[in-house]
Amino acid sequence: MGDAIDERNKREKIARSIVKFWNVNYTLPPQPDESEEILKRLEEEAKADEEAKWAEIDALVEKERLREEEEAKNKGAGSPMDEVTEGQIERILYEGTDE
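All figures in this text were calculated on a predicted structure; none of them were measured in a lab. The numbers attached to residues start from 1 for each chain and follow its sequence in the written order. Selection of residues for local features in this predicted model requires a pLDDT of at least 70, selection of side-chain atom pairs for listing and counting requires 80 or more, and totals for whole chains, interfaces and linings are taken over all residues. With hydrogens and water set aside, each side-chain value is computed from the structure's full complement of heavy atoms.

## With respect to the overall build of the chain
In step 1: Comment: elements are numbered from the N terminus, with helices defined as DSSP H or I runs of at least four residues and strands as E runs of at least two. Looking only at helices and strands, one finds three helices and zero strands in the chain.
In step 2: Using a 1.4 Å probe on the protein chains alone, a residue whose accessible area is under 20% of its type maximum counts as buried, one over 50% counts as exposed, and one in between counts as partly exposed. When the 99 residues of the chain are sorted by exposure, 0% land in the buried category.
In step 3: Accessible surface is estimated by sampling points in the Shrake-Rupley manner with a 1.4 Å probe; for residues, cover comes only from the protein chains shown. Summing over all exposed atoms, the chain offers an accessible surface of approximately 10200 Å²; the carbon and sulfur share of this is 56%.

As structure tokens, this is what we get:
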């Protein structure tokens, strides 16, 4: 196990040594990391898909609300009044009065 002095001596020895060509390992320069770009693009696509999904859901909810309003309007407009006749209306209006 080496201490700080041993590490310092090793660095100094390496600094003073002559580099031989058979001791040199050539490596390729580091390639740019594309994973971050890919992850960023995937996150943007996921966000766009999520926004499109919520826009579609909102459109369907709005369409359903309009359909329900239309049904309520149609129900309230014609069906109950069709069942009531003119005679029934007169009887209800004059029910409490003495004739």
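## Quick word on a negative patch on the surface
In step 1: Patch membership requires over 30% relative accessible area and the absence of a salt bridge. Like charges are linked within 9 Å, and nonpolar side chains (Val, Leu, Ile, Met, Phe, Trp, Tyr) within 5 Å. A pair is scored as a salt bridge if a Lys or Arg side-chain nitrogen falls within 4 Å of a carboxyl oxygen belonging to Asp or Glu. Positive: Lys, Arg. Negative: Asp, Glu. His and the chain ends are not part of the count. A charge is said to be at NZ when it belongs to Lys, at CZ for Arg, at CG for Asp and at CD for Glu. Taken together, the side chains of D33, E34, E36 and E37 define an acidic patch exposed on the protein surface.
In step 2: Assignment of secondary structure puts E37 in helix α2 (residues 35-83).

## Concerning the pattern of salt bridges
In step 1: Per the counting criterion, the structure on display carries six salt bridges.
In step 2: Across the pair E64 and R67 runs a salt bridge whose closest N-O atoms are separated by 2.2 Å. Here R67 and E64 lie together in helix α2, a separation of three residues that amounts to about one turn.
In step 3: What makes R67 partly exposed here is its relative accessible area of 40%.
In step 4: When the shortest N-O distance is used, the salt bridge between E69 and R65 registers 2.4 Å. With E69 and R65 both in helix α2 and four residues apart, the pair spans about one turn of that helix.
In step 5: Of the residues examined, E69 reaches a relative accessible area of 42% and is grouped as partly exposed.
In step 6: Judged by its relative accessible area of 36%, R65 is partly exposed.

## A word on the confidence of the model for the chain
In step 1: Predictor confidence is given residue by residue as pLDDT, running from a minimum of 0 to a maximum of 100. On average, the chain scores 83 in pLDDT, and the residues at 70 or more come to 88%.
In step 2: Ranking the elements of the chain by mean pLDDT puts helix α3 (residues 86-93) last, at 79, and helix α1 (residues 4-16) first, at 89.

## Some thoughts on α1
In step 1: The end-to-end C-alpha distance of α1, which contains 13 residues, comes to 19 Å, matching closely the 18 Å that a straight helix rising 1.5 Å per residue would cover.
In step 2: For α1, the tally of buried residues reaches only zero of 13 residues, placing the bulk of the element at the surface. A helix is expected to span 1.5 Å for every residue after the first.

## Points about a nonpolar patch on the surface
In step 1: Taken together, the side chains of V19, V24 and Y26 define a hydrophobic patch exposed on the protein surface, amounting to about 360 Å² of accessible area.
In step 2: Mapped onto the fold, V24 is located in the loop between α1 and α2.
In step 3: Using a relative accessible area of 30% as the deciding quantity, one classes V24 as partly exposed.

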